[in-house]
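Reading the structure
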Amino acid sequence: MPSIADVLQARYGTAPEFVPEAATDTIAVQLLHRSVRSFKPDAVKPGLLELLVAAAQSAPTSSHLQAWSVVAVQDPARKARLAKLAGNQKHILEAPLLLMWLADLSRLRRTGQDRKAVTDGLDFLEMFLVAVMDATLAAQNAATAAESNGLGICYIGGMRNHPEQVAAELKLPPETFAVFGMVIGHPDPAKPTQIKPRLNLKTVLSHETYDTSREKESIAQFDSVMGQFYHAQSMNGDSWTEHALPRIHGPESLSNRERLNEALRILGFGLK
Ligand SMILES: Cc1cc2nc3c(=O)[nH]c(=O)nc-3n(C[C@H](O)[C@H](O)[C@H](O)COP(=O)(O)O)c2cc1C
């Protein structure tokens, strides 16, 4: 295991700006995260899926509503259909396990209906956000649990490119939405991945009030860090800015997700 100082150096692409006094094994796992997109074919150990979901369920959940569910997909044919819907991402085919993380208001709706209770609160944007937050916190707990077991993971936001077709493939009831997928498996040692640098810590951390005073110089410095990273990885691009700005240029940059509001209404969400 490399030292925390070395890991932080990789995380920021420069010497750490602080002394990491209280690092723990859990923090080391988090700092070492990198998305994995090449996997060995080996299945995950029996029982591990359930342990990952137990870790996910241990995440905090708004008002203890637990407004999320997860579908584990291992059938190669179903994975292939979902991979196509997510933009033909080959790592979905390669990974032995695909977890589909769902914002799920349907269970609360059914529970209310069973008890003839009014459930109009579910029709509001707030409850949709609650479900997305719950699903996301649960997923990230599972991600850290998997990584602490030596597995690699990659989130798959591409599952939002065609939300209705994904819902049909998973036979989701109304008011249930696949926020993202997550591929999980044993990383292929022949294709190791490197820690991808992040914005300088002071760019994202303000004290007391929001502070942009050093933002321009920090982003310029990060552009140069990412230029070196892309070059070392033989990836296209000279800077982070050059990578990020085209992704927010307009609706055409959103891979069909510019129609998400309409898709969510078709899936039965009120979003008032
Ligand atoms: C919500 C979410 C959706 C993502 N969707 C995809 C995806 O569809 N395909 C993919 O290859 N990576 C996807 N990623 C991975 C990001 O590209 C990756 O986290 C980012 O480039 C930083 O790299 P790192 O995770 O290796 O640090 C996604 C990440 C998140 C958090």
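Structure: above.
Below is a short write-up of the structure. Computed from a prediction, not measured in an experiment: that's the story for all the values here.

1. What about the overall build of the protein chain?
A count of helices and strands for the protein chain gives 12 helices and 4 strands. Taking 19 Å as the expected radius of gyration for a compact globule of 272 residues, we find that the protein chain reaches 20 Å, a close match to that expectation. Dimensions along the principal axes, computed over C-alpha positions, put the protein chain at roughly 60 × 45 × 40 Å. Per-residue burial over the protein chain gives 40% buried out of 272 residues. Nonlocal contacts in the protein chain, meaning residues at least 24 apart in sequence, comprise 76% of its contacts between residues at least 6 apart. Of the accessible surface of the protein chain, which amounts to about 15,200 Å², a share of 56% is contributed by carbon and sulfur atoms. Side-chain charges of the protein chain comprise 28 positive and 29 negative groups, with the mean position of each set lying 6 Å from the other.

2. Digging into the nonpolar core
By size, the foremost hydrophobic cluster in this structure holds 58 residues, and its most contacted members are Leu 82, Met 100, Trp 101, Met 159 and Ile 184. Going through the elements one at a time, α3 (48–57), β1 (68–73), α4 (76–85), β2 (97–104), α7 (125–148), β3 (152–156), α8 (163–169) and β4 (176–185) are the ones with two or more residues in this core. Excluding anything up to four places from it in sequence, Ile 184 contacts Phe 39, Val 44, Leu 52, Ala 95, Pro 96, Leu 97, Leu 99, Ala 146, Leu 151, Gly 152 and Ile 153. Counting 7 residues, the second largest nonpolar core, distinct from the first, contains Ile 4, Val 7, Ala 28 and Leu 31.

3. Here's the deal with the site of the ligand
The ligand sits among 13 residues. The nearest are His 33, Ser 35, Gln 89, Gly 157 and Lys 196. One of the side-chain N or O atoms of Arg 37 is found 2.7 Å from an oxygen atom in the ligand. Within the side chain of His 91, an N or O atom sits 3.0 Å from an oxygen atom of the ligand. Here the ligand, which alone exposes 610 Å², has 69% of that area covered by the protein. Of the residues forming the shell around the ligand, the biggest block, 3 residues, is contributed by β3. Considered class by class, the residues forming the shell around the ligand number 3 nonpolar, 6 polar and 4 charged.

4. A few points about the pattern of salt bridges
For side chains of opposite charge, pairing can occur when their charged atoms come near one another. Inspection of the entire model under this criterion finds 9 salt bridges. Across the pair Arg 109 and Asp 123 runs a salt bridge whose closest N-O atoms are separated by 2.6 Å. One end of the pair, Arg 109, is in helix α6 (residues 106–114); the other, Asp 123, is in the loop between α6 and α7, with 14 residues separating them in the sequence. The closest approach of N and O atoms between Glu 164 and Arg 259, which form a salt bridge, is 2.6 Å. With Glu 164 in helix α8 and Arg 259 in the loop between α11 (240–244) and α12 (260–266), the pair connects residues that are 95 residues apart, well separated along the chain. One network of salt bridges, with partners in common, ties together Arg 78, Arg 81 and Glu 169.

5. With respect to helix α1 (residues 4–12)
Within α1 the residues assigned to the buried category are Ile 4, Val 7, Leu 8, Arg 11 and Tyr 12. The buried side chains of α1 occupy one side of the element, clustering within an arc of 125° when seen end-on. Each element contacted by the buried residues of α1 is listed here: α2 (25–31), α9 (201–204) and α10 (215–232). Taken from the residues just after α1, Gly 13 is the one with a positive phi, measuring 70°.

6. Describing α4
Every buried residue of α4 is listed here: Lys 79, Leu 82, Ala 83 and Leu 85. Axial view of α4: buried residues confined to an arc of 155°, hence all on one face. For α4, exposure combined with an orientation more than 90 degrees from the buried face picks out Pro 76 and Lys 84. Buried residues in α4 make contact with β1, α5 (90–94), β2 and α8.

Rules of the game
- Residues numbered from 1 in each chain as written.
- Predicted model: local features only at pLDDT ≥ 70, side-chain atom pairs only at ≥ 80, totals over all residues.
- Heavy atoms only, no water.
- Helix = DSSP H or I, 4+ residues; strand = E, 2+ residues; numbered from the N terminus.
- Rg over C-alpha atoms; globule rule 2.2 N^0.38 Å.
- Buried < 20%, exposed > 50% of the residue type's maximum accessible area, 1.4 Å probe, protein only.
- Contact = heavy atoms within 4.5 Å.
- Areas by Shrake-Rupley, 256 points an atom, 1.4 Å probe, with all protein chains shown as cover.
- Lys, Arg positive; Asp, Glu negative; His and termini not counted.
- Charge placed at Lys NZ, Arg CZ, Asp CG, Glu CD.
- Core = buried A, V, L, I, M, F, W, Y, C linked by side-chain atoms within 4.5 Å.
- Near = heavy atom within 4 Å.
- Polar contact = N/O pair within 3.5 Å; in protein donor to acceptor, adjacent residues only side chain to side chain.
- Nonpolar A, V, L, I, M, F, W, Y, C, P; charged D, E, K, R; others polar.
- Salt bridge = Lys/Arg side-chain N within 4 Å of Asp/Glu carboxyl O.
- Arc of directions from axis to C-beta.

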